[in-house]
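This is what each chain is made of:
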Amino acid sequence: MNRAKTILDIQKMKATGEKITVLTSYDYPFTRIMDECGIDMILVGDSVGVVFAGHDNTLPVTVDDMLYHTRAVTRARPKALVVTDMPFLSYQTDLRDARINAGRLVKEGGAEAVKLEGGAHVTDTIRAIADMDIPVMAHIGLTPQSIHRMGGYKVQGKKEEQAQRLLEDALAVQEAGAFAVVLEGIPLTLAGRITAELSIPTIGIGAGPHCDGQVLVIHDILGLCEKYSPKFVKRYGDARTLISDAVASYISEVKKGEFPTEGHSFN
Ligand SMILES: Nc1nc(=O)c2c([nH]1)NC[C@@H]1CN(c3ccc(C(=O)N[C@@H](CCC(=O)O)C(=O)O)cc3)CN21
Ligand SMILES: CC(C)C(=O)C(=O)O
Ligand SMILES: [Mg+2]
């Protein structure tokens, strides 16, 4: 496909059974590379606060942070659908704040959809944003902005009662108008049940193989995040060694007078 992907293309993939691939990106060069590889969707995640800015969790991330990174991503004009996370405190206070902040991410950032965390208790918010024609992706299960309520990043829905509530959350966000839903940190059988029950695509992270698509944090698949190594991450490359080797070689060559050569210089 040579044109840009839309939410319709993403939703069609659930029907055809083609897996939906999603990665986070926070800047221009990473976006260019993963888009050339054919990624379906790019998530400008609030995980930027952890993997880029060095915070311990996602709570300090602001709308301005998300705007800055969303602009860097959309400047790469990816074919992938660009979805931006609504950060903590940008949609929890009231519907007016939620609408303005979602609108800014689209209008000033160039995002094509927004994502927010929560189930049945955020359906009014999902509906309010969807009503202004901004596609909304929901996010249930292990919701990182709820770290203090959960008492850490813990797998959710292990007990049947909790699992039932998560299934109800999934149905509620679909009913409220979400075009897709992220399932994070839940047992694989529950993710399979939710995926079978919903007509919108499910995108899993730490939710097993039965989801319609998968998402991971780009720094995690490259071995660039020392802070967290959840069991659900698979490292597909070692960018840390790549960077470290290049930096070490540069230092060594400058110290020895081997760089720059005449070829790197001007007469
Ligand atoms: N680099 C990075 N990758 C992520 O996926 C990510 C972030 N940062 N920051 C925000 C949240 C935090 N995430 C995390 C972080 C750690 C675990 C973790 O260690 N989970 C345990 C399970 C613990 C339990 O249920 O008892 C694990 O072993 O995977 C899970 C999700 C996901 N998100
Ligand atoms: C990992 C995904 C789902 C996310 O919300 C993020 O990167 O912030
Ligand atoms: Mg997030």
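Since the model is a prediction, treat every value here as computed from it, not as a measurement.

Quick word on the UniProt feature "active site" (unreviewed entry) in the protein
Per the UniProt record, "active site" (unreviewed entry) is found at Glu 184. Positionally, Glu 184 belongs in strand β6 (residues 180–184). A count of 23 C-beta atoms within 10 Å places Glu 184 in the buried class. If we skip the residues at most four places from it in the chain, Glu 184 touches His 139, Gly 141, Leu 142, Thr 143, Ile 205, Gly 206 and Ala 207.

Brief notes about the pairing of β6
β6 sits mainly inside the fold: 5 of its 5 residues count as buried. Side chains of β6 alternate between two faces, with Ala 180, Val 182 and Glu 184 and Val 181 and Leu 183 buried alike. Across 5 bridges, strand β5 (residues 136–141) lies against β6 in parallel orientation. Bridging across to β6, Gly 141 finds its partner in Glu 184. Pairing between β6 and strand β7 (residues 202–205): 4 bridges, direction parallel.

Some details on the nonpolar core
With 68 residues, the main nonpolar core has Met 41, Ile 42, Val 114, Val 136, Met 137, Ala 178 and Val 181 as its most contacted residues. Beyond its immediate stretch of four places on either side in the chain, Ile 42 contacts Leu 23, Ser 25, Thr 31, Met 34, Val 73, Pro 78, Ala 80 and Val 82.

Description of the site of ligand 1
Within the structure, ligand 1 sits among 18 residues, and Pro 144, Tyr 153, Val 155, Pro 230 and Lys 231 are positioned closest to it. By residue class, the composition of the shell around ligand 1 is 11 nonpolar, 4 polar and 3 charged.

Quick notes on the domain arrangement of the protein
Annotation of the protein at the domain level lists domain 1 (7–236) and domain 2 (238–267). Placing a centre on the C-alpha atoms of domain 1 and another on those of domain 2 gives a separation of 39 Å.

Quick look at the UniProt feature "binding site: 3-methyl-2-oxobutanoate" (unreviewed entry) in the protein
The UniProt entry lists Asp 46, Ser 47, Asp 85 and Lys 115 under the feature "binding site: 3-methyl-2-oxobutanoate" (unreviewed entry), expressed in the numbering used here. A maximum C-alpha distance of 12.5 Å among these annotated residues, which run over 70 residues, shows that they cluster at one spot. Along the chain, Asp 46 turns up in the loop between β2 (41–44) and α3 (48–51). Under the C-beta neighbour-count criterion, Asp 46 is labelled buried, with 28 such atoms within 10 Å. If near-sequence neighbours (up to four positions away) are discounted, Asp 46 is found in contact with Thr 58, Val 61, Met 66, Asp 85 and Pro 87.

Observations concerning the packing of helix α4 (residues 63–74) against helix α5 (residues 95–107)
Geometry of a packed helix pair, given as the angle between the helix axes and the separation of the axes. As a packed pair, α4 and α5 sit with axes 9 Å apart at the nearest point and diverge in direction by 20°. Here α4 lies roughly parallel to α5, going by the angle between them. α5 is crossed by α4, and the crossing has right-handed handedness. Every residue of α5 that contacts α4 at Val 63, Met 66, Leu 67 and Thr 70 is listed here: Asn 101, Arg 104 and Leu 105.

Scoring rules and cut-offs
- Residues numbered from 1 in each chain as written.
- Chains lettered and ligands numbered in written order.
- Predicted model: local features only at pLDDT ≥ 70, side-chain atom pairs only at ≥ 80, totals over all residues.
- UniProt positions renumbered as here; feature names shortened; annotations may be inferred.
- Helix = DSSP H or I, 4+ residues; strand = E, 2+ residues; numbered from the N terminus.
- Buried ≥ 20, exposed ≤ 12 C-beta atoms within 10 Å, placed from the backbone.
- Contact = placed C-beta atoms within 7 Å.
- Pairing = 2+ DSSP bridges.
- Core = buried A, V, L, I, M, F, W, Y, C linked by C-beta atoms within 7 Å.
- Near = placed C-beta within 6 Å.
- Nonpolar A, V, L, I, M, F, W, Y, C, P; charged D, E, K, R; others polar.
- Domains from an automatic or database assignment.
- Axes fitted to C-alpha atoms, helices over the stretch in contact; angles between N-to-C directions.
- Parallel < 35°, antiparallel > 145°, perpendicular 65-115°, else oblique.
- Left-handed = near helix turned anticlockwise from the far one by under 90°.

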